[in-house]
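The chain contents come next:
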Amino acid sequence: PPRRAGTAMSRQEPTFSGAMHKASKELTNAGKKLASDDTFRFIKDKAQAALEFDNLGKACVKATSRDHGPPKEKHVQTLLEACTHGTSSIQEILTGLFARLHEKDATVVLKALMVLHRLLRDTASSAKVFQCIVPHMGEFRVSRFMDDSSHESMQASQMVRSYALYMEEKLCVLRTTKFEYDKPSADLNARINQTAPRDLIKHLTAAIPQLEAGYKCTIRDQSVIHPTSVAAFSLVFKDLRILYQTLNKGVLRLLENYFSTPKKEAKMIFDLYKEYLVQTKKVSNVFNDAKDLLGQELVELTTPPESFQQSLEQYLTNDDADDQPSMEQHQMDLKSVPVVPLEDLIGDLSGLNVSSSSGTAGNTPEKAPPKHNDDFDNFLSTLEQPAAPAGTVGGA
């Protein structure tokens, strides 16, 4: 009947709401396609930098641009200098960098992590930076981050996840030890020599998770090496070589009076010594990576003979004083423990730059970092405080 035919015809005609839904869906798909396009991303960054009314906001965006390679040094220096102006400037910088951590571009997120790393390492106000970052350590939890816009970006995403975990461990160690054991300073050797043995054992043990997290920042097995990942690895490597040197010297200092140490404390030293042997094997792989990726001179790390470990263990298991090694014998055995010279591990990588095309180390010099004057012992004891509300950095 005509009525039924008309009804069937009306069902085939598109409705206004259906047409709008289809148009909205097409616009959404077009937006997603644009968002994954590198050209659009660069334009977006340029527009965002132009809309920033303050220099710090612009520096945060420009330091974490989508160009492959390390953050541009002039923008990093702007941020480092601003950190010396007070807590409000630090909070403003962190707000900008944390926002960049939530971008979907692996290069942007890697650079944001690198700039945060530099703020902790290369500014004279690193204690204040640390105080402002600690309530927001959750910002580094990006275990599910993935930039699937290209195969290269997927490889860089792996470094983002590893680097963020490393930064979290770095902050945890600093909070526990209240000292920067991964940072070269005139106070480092004095700190190792003057810290009470029990505290030194605690500090060195606390630093091992940071070493372990740093080993995961390797890019040796990646099929495509992202230039920004190489730059990130260089910063982690700078920390690891100092931290391993600290472990090396700390263990040697604890072993000096091992046979006159109470058995309970000696057991802790012995366990730490065994862990030190494990770390020596693992850190050797990092030095191999640094040689291949950064052109760093290879440092040969050796371990003491097995007889030395046996003499340490004998002290713990044998209660007969006559069977214990003499102090003279212990001092002779102690000389077999290799101490890697500080100058071998703490070479100058300040000239490191990464080409955006090749991903190899370059020779563009950086400015020397400001002298570190913080007293973490006095300052970090005040850090136990409730976290600031989500979405904010610090107080008013």
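This one's a predicted model, so the numbers in the text were calculated from it and none came from an experiment.

Q: Even after reading the chapter, I still don't get the overall build of the protein, so can you show me in this structure?
A: When helices and strands are counted, the protein shows 17 helices and 0 strands. A total of 396 residues make up the protein; the buried ones form 46% of that total. Counting only contacts in the protein whose residues sit at least 6 apart along the sequence, the fraction spanning at least 24 positions is 76%. For the protein, the accessible surface area stands at approximately 20,300 Å², while carbon and sulfur atoms represent 52% of it.

Q: Is there a simple way to explain the packing of aromatic side chains in this structure?
A: Two numbers describe a pair of aromatic rings. These are the distance of the centres and the angle of the planes. Here the structure, examined in full by the defined rule, presents 10 aromatic pairs. For the ring pair Tyr244 and Tyr276, a centre distance of 6.1 Å and an interplane angle of 15 degrees mean the geometry is stacked. You can see Tyr244 sitting in helix α12 (residues 227–255) and its partner Tyr276 sitting in helix α13 (residues 263–294), a full 32 residues away along the chain. Looking at Tyr244, the relative accessible area reads 1%, which means it is buried.

Q: Looking at this model, I keep getting lost on empty space enclosed by the protein. Mind explaining?
A: One way to see where empty space is left: roll a probe the size of a water molecule over the atoms. For the coordinates displayed, the defined rule picks out 1 cavity of 30 Å³ or more. Taken together, 13 residues line the largest cavity, and the ones lying closest to its centre are Lys170, Leu174, Glu180, Tyr181 and Asp182. Breaking the lining of the largest cavity down by element, the ones donating at least two residues are α7 (106–122), α9 (151–177) and α12. Ranked by residues supplied to the lining of the largest cavity, first place goes to α9 with 3 residues. Of the residues belonging to the lining of the largest cavity, the class tally is 6 nonpolar, 1 polar and 6 charged.

Q: Even after reading the chapter, I still don't get the pattern of salt bridges, so can you show me in this structure?
A: Should their charged atoms come close, side chains of opposite charge can pair. Evaluated as defined, the whole model comprises 17 salt bridges. For Arg118, the salt bridge goes to Asp122, with nearest N and O atoms at 2.4 Å. Separated by 4 residues within a single helix, Arg118 and Asp122 lie in helix α7, roughly one turn from each other. Looking at Arg118, the relative accessible area reads 8%, which means it is buried. Asp122 gets classed as buried once you look at its relative accessible area, which sits at 10%. A single salt-bridge network, built from bridges that share partners, covers Glu73, Arg118, Arg121, Asp122, Lys170, Asp182 and Asp239.

Scoring rules and cut-offs
- Residues numbered from 1 in each chain as written.
- Predicted model: local features only at pLDDT ≥ 70, side-chain atom pairs only at ≥ 80, totals over all residues.
- Heavy atoms only, no water.
- Helix = DSSP H or I, 4+ residues; strand = E, 2+ residues; numbered from the N terminus.
- Buried < 20%, exposed > 50% of the residue type's maximum accessible area, 1.4 Å probe, protein only.
- Contact = heavy atoms within 4.5 Å.
- Areas by Shrake-Rupley, 256 points an atom, 1.4 Å probe, with all protein chains shown as cover.
- Phe/Tyr/Trp six-rings, centres within 6.5 Å; stacked < 30°, edge-to-face > 60°.
- 1 Å grid on protein atoms, 1.4 Å probe; cavity = no way out; pocket = protein on both sides within 12 Å on 5 of 7 lines; lining within 4 Å.
- Points joined across faces, edges and corners; volume = space filled by probe spheres on them.
- Nonpolar A, V, L, I, M, F, W, Y, C, P; charged D, E, K, R; others polar.
- Salt bridge = Lys/Arg side-chain N within 4 Å of Asp/Glu carboxyl O.

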